[in-house]
Amino acid sequence: EYWRQLVGSARNRLYLGGIGFTGWKGMPGMREELRATAVTGCDIRILTMDGQNPAFPHILNPNVTAHDHASQGQSLVEARAWFRSAIQDGQKAEVRALSRGVLFQQIVVCDGKALISPYLYSASTGFSPRLEISKNSTAFGAFVREFEELWKANDAA
């Protein structure tokens with residue numbers, strides 16, 4: 001419910017940067033919420049790891065993750081396809097694969113708020129701490145810049 005409400009509250013900007021957001025597909029009502037936000041003209045950018053990114057196997061701890069990197073590649077492709085279908089009606093909505101660069105944290109920016117979950121080698125993403133940063137913090141600008149640089153480095157295919 002939290003994530004659906006966050007998506008629904010986005011007016012100007014919704015940036016999602018992370019390994020895959022593969023669980024979002026199973027959230028009741030999320031597809032509809034993404035579509036409704038996209039059609040408002042909100043700038044939606046979704047950036048997830050490409051399974052072929054050379055860094056991908058090294059950010060996952062085989063003693064912690066449920067699946068190895070090789071088996072996750074297809075689920076990342078499927079998640080991006082799901083996001084594309086959900087936001088397809090948005091004029092300012094796009095999904096990209098991160099084949100260059102590395103996300104060291106999950107970055108979610110919704111208008112003037114950033115939610116950052118550092119990727120920990122010792123824990124899966126669901127057990128990573130989540131930091132909430134307001135636009136008044138210098139850290140907010142740093143994470144928005146990080147997302148934007150990775151976005152630019154991974155042109156739409």
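Whatever comes next refers back to the structure up there.
Quick caveat, the model's predicted, so the values are computed rather than measured.

Parameters at a glance
- Residues numbered from 1 in each chain as written.
- Predicted model: local features only at pLDDT ≥ 70, side-chain atom pairs only at ≥ 80, totals over all residues.
- Heavy atoms only, no water.
- Axes fitted to C-alpha atoms, helices over the stretch in contact; angles between N-to-C directions.
- Helix = DSSP H or I, 4+ residues; strand = E, 2+ residues; numbered from the N terminus.
- Parallel < 35°, antiparallel > 145°, perpendicular 65-115°, else oblique.
- Left-handed = near helix turned anticlockwise from the far one by under 90°.
- Contact = heavy atoms within 4.5 Å.
- Nonpolar A, V, L, I, M, F, W, Y, C, P; charged D, E, K, R; others polar.
- Buried < 20%, exposed > 50% of the residue type's maximum accessible area, 1.4 Å probe, protein only.
- Arc of directions from axis to C-beta.
- Pairing = 2+ DSSP bridges.
- Right-handed = clockwise from strand over helix to strand, strands pointing away.
- Salt bridge = Lys/Arg side-chain N within 4 Å of Asp/Glu carboxyl O.

> Would you explain the packing of helix H1 (residues 2-9) against helix H2 (residues 30-39) in this entry?
To characterise two packed helices, one gives the angle between the axes of the helices and the distance between these axes. Contact pair H1 / H2: the axes reach a minimum separation of 8 Å and the direction vectors enclose 10°. Considered as vectors, H1 and H2 are oriented roughly parallel to each other. The way H1 lies across H2 gives a crossing that is left-handed. Here Trp3, Arg4, Val7 and Gly8 of H1 come into contact with H2, specifically with Met30, Glu33, Leu34 and Thr37. Taken together, the residues of the contact of H1 with H2 break down into 4 nonpolar, 2 polar and 2 charged.

> So what exactly am I meant to see when it comes to the environment of glycine 73 here?
With respect to the helices, strands and loops of the structure, glycine 73 is situated in helix H4 (residues 69-87). The spatial distance from the C-alpha of glycine 73 to the C-alpha of asparagine 154 is 17 Å, given a sequence separation of 81 residues.

> Sorry, what's going on with H2 here?
What sets the pattern is the α-helix's 3.6 residues per turn: residues three or four places apart point alike. Turning to H2, its buried residues are Met30, Leu34, Thr37 and Ala38. The buried side chains of H2 occupy one side of the element, clustering within an arc of 100° when seen end-on. Positive backbone phi, at 95°, marks glycine 41, one or two positions downstream of H2.

> So what exactly am I meant to see when it comes to the sheet that holds strand E5 (residues 113-118) here?
Strands in a sheet are paired, the pairing made by backbone hydrogen bonds, and the direction either parallel or antiparallel. With respect to topology, 6 strands assemble into an open sheet ordered E3-E2-E1-E4-E5-E6, the strand pairing being mixed. The outermost strands of the open sheet, each flanked by one partner alone, are strand E3 (93-98) and strand E6 (131-134). With direction set aside, neighbouring strand axes in the sheet form an average angle of 15°.

> What am I meant to see in the pairing of strand E1 (residues 13-18) here?
The two faces of a sheet get side chains in turn, since along a regular strand they alternate between them. Burial of E1 is extensive: 5 of the 6 residues sit out of reach of the surface. Strand direction decides the pairing type here: E1 and strand E2 (residues 43-49), joined by 6 bridges, are parallel. Within the sheet, the bridge partner assigned to tyrosine 15 lies in E2 and is arginine 45. At this point the chain moves from E1, through H2, to the parallel E2, and the crossover so formed is right-handed.

> Could you clarify how one ought to interpret the pattern of salt bridges in this entry?
One side chain can pair with another of opposite charge once the charged atoms of both are near each other. In total, this model carries 6 salt bridges according to the counting rule given. Residues glutamate 94 and arginine 96 are paired through a salt bridge, measuring 2.8 Å at the closest nitrogen-oxygen approach. Judged by relative accessible area, which is 27%, glutamate 94 ranks as partly exposed. Here the salt bridges do not stand alone but share partners, grouping Glu1, Arg4 and Glu33 into one network.

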